[in-house]
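Spelled out, the chains give:
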Amino acid sequence: MSQQVVAQENILELRDVTVSFGMNRGVSKVLDDVSIDIHRGEILGVVGESGSGKSMLASALLDAVVDPGTVDGEVSYRTDSGETVDILDLEDEELRQLRWEEIAMVFQGAMSFFNPTMKIRGHFLETLKAHDQDVDEGMEHARELLTDLHLEPDRVFDTFPHELSGGMKQRALIALSLILEPNVLVMDEPTAALDLLMQRSILTLLDDLQEKYDLTIVFITHDLPLVKDLCDRIAVMYAFDVMEVFPAGDLSNSTHPYTRSLLNAVPNLTTSLDELRSIEGSAPDPVDIPSGCSYHPRCPLSTPECEQEDPPLEEIAPDQEVACWHHEKVDEELPLALETSDGGSAEVYEGNQSDEPVVVMDDIEVHFETDDGGLLSLFDDPEIVRAVDGVDLEIYENDVVAIVGESGCGKTTFGKTAVGLQEPTGGSVRYRGQDIWETKRGEGTGDRSYDEIRRALQIIHQDPGSSLNPNRKVSSILQVPMKSWQSDLDVEDRKARLLAMLEAAGMSPPEDYADRYPHQLSGGEKQRVALIRALLMNPDLILADEAVSALDVSMRVDMMDLMLTLQDLFDTSYLFISHNLTNARYLAGRAGGRIAVMYLGEIIEIGPAEEIVQNPQHPYTQALHWSTTDLDSNSEGEADESPIRAIDVPDPIDPPSGCRFHPRCPEAREVCATEKPSLDSGTDHCTACFREYSEDHPYWDSEPLGEETIGAHVGGESS
Amino acid sequence: MSDASIENEDIPLEVVSDVDQTWQDTVRSLVNAYVLVPGRIMITDYRALLGFGIVFGYLFVGTVGVWLMEPTTMWDGDRLVQSFETMAHPLGTDPQGRDILTLLVYGTRPILLMMLSGGLFIITIGTAIGTVAGFSRGRLDQILSMITDVALTIPGLPLVIVLAVTLNPESPVLIGILLAINGWGGLARNLRSQVLSIREEDYVEAAKAMNVSTGNVLLKDVLPNMMPYILYNFMSSMRGVLFASVGLYYLGVLPYSQENWGVLLEQAYSGGALTTWSMFHWIFWPIVAVVILSIGLILLSQSTDKLFNPRVRARHE
Ligand code: SF4
Ligand code: SF4
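Just so it is clear, the model here is predicted, and its values are computed rather than measured.

Let's talk about the overall build of chain A
Then, in step 1: For chain A, the count of helices and strands is 27 helices and 23 strands.
Then, in step 2: Burial statistics for chain A: of 719 residues in total, 58% are counted as buried.
Then, in step 3: Put simply, of all contacts in chain A between residues at least 6 apart along the chain, 69% involve residues at least 24 apart.
Then, in step 4: Of the accessible surface of chain A, which amounts to about 28,300 Å², a share of 44% is contributed by carbon and sulfur atoms.

A closer look at the pattern of salt bridges
Residues and elements named next belong to chain A.
Then, in step 1: Per the counting criterion, the structure on display carries 38 salt bridges over all chains.
Then, in step 2: Of the charged contacts, one joins R660 and E602 as a salt bridge, the two residues approaching to 3.7 Å between their closest N and O atoms. Within this pair, whereas R660 is found in the loop between α26 (619-627) and α27 (670-674), its partner E602 is found in strand β22 (residues 602-608), the two being separated by 58 residues in sequence.
Then, in step 3: A residue is classified by how much of its surface remains accessible, and E602, at 13% relative accessible area, is buried.
Then, in step 4: Among the charged side chains, a network of salt bridges with common partners joins R386, D389, E602, R660 and K676.

As for the nonpolar core
Residues and elements named next belong to chain B.
Then, in step 1: In this structure, L104, M115, V222, M226, L242 and W261 are the most contacted members of the largest nonpolar core, which totals 70 residues.
Then, in step 2: Broken down by element, the residue count for this core peaks at 14 residues, all from helix α9 (residues 214-251).
Then, in step 3: Not counting the four nearest positions on each side in its chain, L104 is found in contact with L91, W261, L264, W285, P286 and A289.

Focus on the site of ligand 1
Then, in step 1: Looking at ligand 1, there are 13 residues lining it, with C293(A), C299(A), C306(A), C324(A) and W325(A) nearest.
Then, in step 2: When the residues that make up the shell around ligand 1 are grouped by side-chain class, the tally is nine nonpolar, four polar and no charged.

Comments concerning the domain arrangement of chain A
Residue and element names in this part refer to chain A.
Then, in step 1: Taken domain by domain, chain A holds domain 1 (10-102 + 182-339), domain 2 (357-368 + 384-615) and domain 3 (616-628 + 643-719).
Then, in step 2: With 26 residues of domain 2 at the contact, the number on the domain 3 side is 25 residues.
Then, in step 3: Carbon and sulfur atoms make up 58% of the surface buried where domain 2 meets domain 3, a total of about 2,200 Å² over both sides.
Then, in step 4: Linking domain 2 to domain 3 there are four salt bridges.
Then, in step 5: The shortest N-O distance in the salt bridge between R664 and E406 comes to 3.0 Å.

Quick look at the sheet that holds strand β18 (residues 457-460) of chain A
Residues and elements named next belong to chain A.
Then, in step 1: Judged by pairing direction, the sheet is mixed, and its seven strands sit side by side in the order β18-β19-β20-β15-β21-β22-β23 without closing on themselves. On the outer flanks of this sheet lie β18 and β23 (686-687), each paired with one strand and no other.
Then, in step 2: When strand β21 (residues 594-599) meets β22, the two strands line up antiparallel, connected through six bridges. In the sheet register, A596 faces β22, and the bridge partner there is I606.
Then, in step 3: Packing against the sheet, helix α22 (residues 523-535) makes contact with β18, β19 (541-545) and β20 (573-578), and its axis sits at approximately 175° to β18.

A short note on a negative patch on the surface
All names here are of chain A.
Then, in step 1: A surface patch of negative charge is lined by D16, D33, E74, D89, E305, E309 and D310.
Then, in step 2: Assignment of secondary structure puts D310 in the loop between α12 (304-308) and β11 (314-317).
Then, in step 3: Residue class for D310 comes out partly exposed when judged on its relative accessible area of 48%.

Section: helix α20 (residues 491-504) of chain A
Residues and elements named next belong to chain A.
Then, in step 1: With 14 residues, α20 ought to run about 20 Å at 1.5 Å a step, and its terminal C-alpha atoms sit 20 Å apart, in line with that.
Then, in step 2: Across the 14 residues that make up α20, a large majority, ten, are buried.
Then, in step 3: Within α20 the residues assigned to the buried category are E492, D493, R494, A496, R497, L498, A500, M501, L502 and A504.
Then, in step 4: At the exit of α20 stands G506, carrying a positive phi of roughly 80°.

Digging into the packing of aromatic side chains
All names here are of chain A.
Then, in step 1: Using the criterion set out here, one finds 16 aromatic pairs over all chains in the structure.
Then, in step 2: Ring geometry for Y599 versus Y620: centroids 4.6 Å apart, planes at 55°, classification tilted. On the criterion of sequence distance, the pair formed by Y599 in strand β21 and Y620 in helix α26 is long-range, its members being 21 residues apart.
Then, in step 3: Ring-pair connections join several aromatic residues into one group, and the members of that group are F690, Y693, Y699 and W700.
Then, in step 4: A cation over an aromatic ring shows up here: R455 above the ring of W485, its NZ or CZ 4.9 Å from the ring centre.
Then, in step 5: The side chain of R516 reaches across the aromatic face of Y513, ending 4.4 Å from its centre.

Points about the packing of helix α6 (residues 172-179) of chain B against α9(B)
All names here are of chain B.
Then, in step 1: Relative to each other, α6 and α9 sit at 105°, their axes nearing to 10 Å. Considering their axes alone, α6 and α9 lie roughly perpendicular with respect to each other. Two secondary-structure elements touch here, α6 through I175, G176 and L179 and α9 through V241, A244, S245, L248 and Y249.
Then, in step 2: In terms of residue class, the contact of α6 with α9 is built from six nonpolar, two polar and no charged.

Notes on the side chain of H685(A)
Residues and elements named next belong to chain A.
Then, in step 1: Note that H685 resides in the loop between α27 and β23.
Then, in step 2: Judged by its relative accessible area of 15%, H685 falls in the buried class.
Then, in step 3: Among the polar contacts listed, one links the side chain of H685 to the side chain of E605, at a separation of 2.5 Å.
Then, in step 4: Reaching out from H685, the side chain makes a polar contact with the side chain of E611 at a distance of 2.8 Å.
Then, in step 5: Ignoring any residue separated from it by four or fewer positions in sequence, one finds H685 in contact with E605, I606, G607, P608, E611, I612, N615 and Q617.

As for the sheet that holds strand β7 (residues 184-188) of chain A
All names here are of chain A.
Then, in step 1: Strands sit in the order β6-β7-β8-β3-β9-β10-β12-β11 across an open sheet of eight strands; the sheet is mixed. Strands with a single pairing partner mark the edges of an open sheet, and in this sheet they are β6 (103-106) and β11. On average, each strand axis in the sheet is tilted by 25° relative to the strand beside it, whichever way the strands run.
Then, in step 2: The pairing of strand β3 (residues 43-47) with strand β8 (residues 216-221) spans five bridges and is parallel.

What counts as what
Residues numbered from 1 in each chain as written. Chains lettered and ligands numbered in written order. Predicted model: local features only at pLDDT ≥ 70, side-chain atom pairs only at ≥ 80, totals over all residues. Heavy atoms only, no water. Helix = DSSP H or I, 4+ residues; strand = E, 2+ residues; numbered from the N terminus. Buried < 20%, exposed > 50% of the residue type's maximum accessible area, 1.4 Å probe, protein only. Contact = heavy atoms within 4.5 Å. Areas by Shrake-Rupley, 256 points an atom, 1.4 Å probe, with all protein chains shown as cover. Salt bridge = Lys/Arg side-chain N within 4 Å of Asp/Glu carboxyl O. Core = buried A, V, L, I, M, F, W, Y, C linked by side-chain atoms within 4.5 Å. Near = heavy atom within 4 Å. Nonpolar A, V, L, I, M, F, W, Y, C, P; charged D, E, K, R; others polar. Domains from an automatic or database assignment. Buried area = accessible area lost by both parts, 1.4 Å probe. Pairing = 2+ DSSP bridges. Axes fitted to C-alpha atoms, helices over the stretch in contact; angles between N-to-C directions. Patch = residues over 30% accessible without salt bridge, like charges linked within 9 Å, V, L, I, M, F, W, Y side chains within 5 Å. Lys, Arg positive; Asp, Glu negative; His and termini not counted. Charge placed at Lys NZ, Arg CZ, Asp CG, Glu CD. Expected span 1.5 Å × (residues − 1). Phe/Tyr/Trp six-rings, centres within 6.5 Å; stacked < 30°, edge-to-face > 60°. Lys NZ or Arg CZ within 6 Å of the ring centre and 35° of its normal. Parallel < 35°, antiparallel > 145°, perpendicular 65-115°, else oblique. Polar contact = N/O pair within 3.5 Å; in protein donor to acceptor, adjacent residues only side chain to side chain.

Shown next, in the form of structure tokens:
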């Protein structure tokens, strides 16, 4: 075996690692004979869908599998001095030292890691003391780390965890995990709960940190395109085992059918919309993994051989291993969609938008008063959060408008205002010319009743776990809308109708689904039920608030396809809210709709979907575009420089003067800090930025505010 | 999935059913939901079964039992017959020769009535005030919360004693309500905070978007989530009323018109049953009756969570 030679540079080696849980249904193997090497100084991406065992791999690396799980096999760690320790053999105390000092870990839920009653400084101090480190020196190091992560140490030290935004918390956690100068950093979905732009910014910072501190990083994620530029190698997991390992630089290196299908299922900004395919079937049950190649029930290339024998992970090129009998045929049979695509635009459901607006929003303002409830607040003026600040939008029949922006930009509040679930504090929302809130108060002049308006505007929520009442069966959940506006239907008619709808949404046999409780449905199925429920009201406009974000990548396309198909049949419009430009492009692009980009309560760019995606004008839209990695860029293990100057969104209580984007805008000039650009109108594609103004605008003569963007200065010089 | 598989005519907004559901079907599904499924869940849990058996036994005694037995009068038997001596007086007699078993059986009914009325009073008032306060926000919430706080801060026992002495109620139903008069505060406050979080659930907003009336939202979307807790409270407030009534009769605060366990205890105690061995059975059996009923209620209340948990229900359909 050639292991002896390679072993020098491996910092971690896993051999035949198996994690199993005894359950009453049988033994559940949540990690199945995994062998993989991790090189010193590399960034290894471990990619898999939920339930592929990727998180278990992280726990096994640190022997942190929770009881009653058992780990077998060998995990050897090579220290700086060249000694090899088997992590699974360590005593508790040795393990405690190894974790954090040698191998540190960052989990997804930063909030649950921090003690909510302790300031950030306390967390650092406590960690240093617990590991007998020199506190002064350690805190100095902490400052440096925080600065590297674009946080102001003095401010952050004195805050409680809940006072930080999600992205800040996650960065503070990364700094905390690096405080003892570990060699290896294991990160389990560290950014999954964050906005795309924040995720990409953190990744850029990680890349710098890795270089500066000589780290080896294991980055576990479900999102292959996200980590592609960051990682050196990518390991793909499916059914609790590694399917292949390949150099990350070029995705066409992947040779496993599963990886290919996964890549072809991800919506992105370059692949033509027709090429996207979801993967048929579902991931296997850990108690009952298919014999032979575990992917064979879903694999288009599967042959009888695959069903008989499990292909071993074999090396096919340097740094590249794959477990598939037919990997040579992959290029031919399953080409990457982004390579074959001619870049042409997809077929769109064109021309069905009418000129008649369904909902018109005019100068909408939604301002909330924050009240902390404390006695002291009696004496202060309440602080005003300007969630939405002067937005106009018209939504037509059969229209799709996607609203894109970071969390906290007011997009959800704006969406709820559009469907009449949130009363604006200024401006008007009109449904077919009739003011919704006036009608509700009975002051309106129009001839529609409020009930009719209410029926026409529906909502699908983000979180599949909370959108359905857990105590009611699907059939009774779906009868609610019909009871609400079609009281002439009796119970059999309602049942027949909901069964037909379930069938139409691809949930068959419908009788079976109708009889289930929500907990017996998958996330995607719950969202389908929520969509059906909304459609049963026969609405004119559905607000889909991040309706696909919580789903696994391969199911998102499915759900969006269903939304589009049903739109065609039911003549509804969608207001689709997302933090992800690719999802927005997929949905709005196929229906020939528009994308509106929101920033701090304002729409800063709006236009036809493909226009916004291919030709973004506003620097912020360009940043969002940057955050959705191009799958076909071939940069090697280098996350490129971010196009923004500050990572965090300013506080909406006190938004920046002038152009609200100026503190983060790479193109900002002095004028931007004092004057406010307005959304130029008249054309299809409007942008609120001085750069779109004519040549003689004062912008062009004023001084730049500074050009340093994130990732440009963290490099080696400060160490 | 292929888009072409869905055709216009399959589209269901126009579909109507060609089968008619008969009233038998409706009854069958109701029986299934409210009798069979709970029954099947209970059978898997011996504690629930035991609790149900005990409570049902008392109900039987309190209703049919009274009807089967002749009331006992003075000098029915000899003075102070010990337990298990004769078949005519299995639990013995008191110093006036009355049959203790018969006294217990006749005492069951007023006690059960008190418990039931007190328990129902507590959960009705507590649930109504708690859910409405939690759901309504603003002024109404403030007023209801204030009333709840007042109910919580008034000391219970003195209030009940004062009311009992001034009103001198005789009907067991009224006594039950009196004993529960300020017991609903804790339930209301607790439900209010539960409703506050349930109100934020997305499905409640979806219901609002579908123009479902507030009453229906409370009934169908909010209450079912809290049912286990409410039922649990029902059981424990019935226990509370049981102890309170027995205790207050024993103290002689409540007027007694009918024989019941509390009255029996008081008579036995003042007759010296605690200190004289030959009278001990006189005070022992009423205590046993109280304790067993209370255990039955505890067992039953422990299983209420299961009855409403959709995960458990789904497995028993
Ligand atoms: S071994 Fe066979 S079934 Fe498995 S991935 Fe390769 S071709 Fe598909
Ligand atoms: S107006 Fe100025 S700060 Fe605002 S986006 Fe344009 S260039 Fe940037």
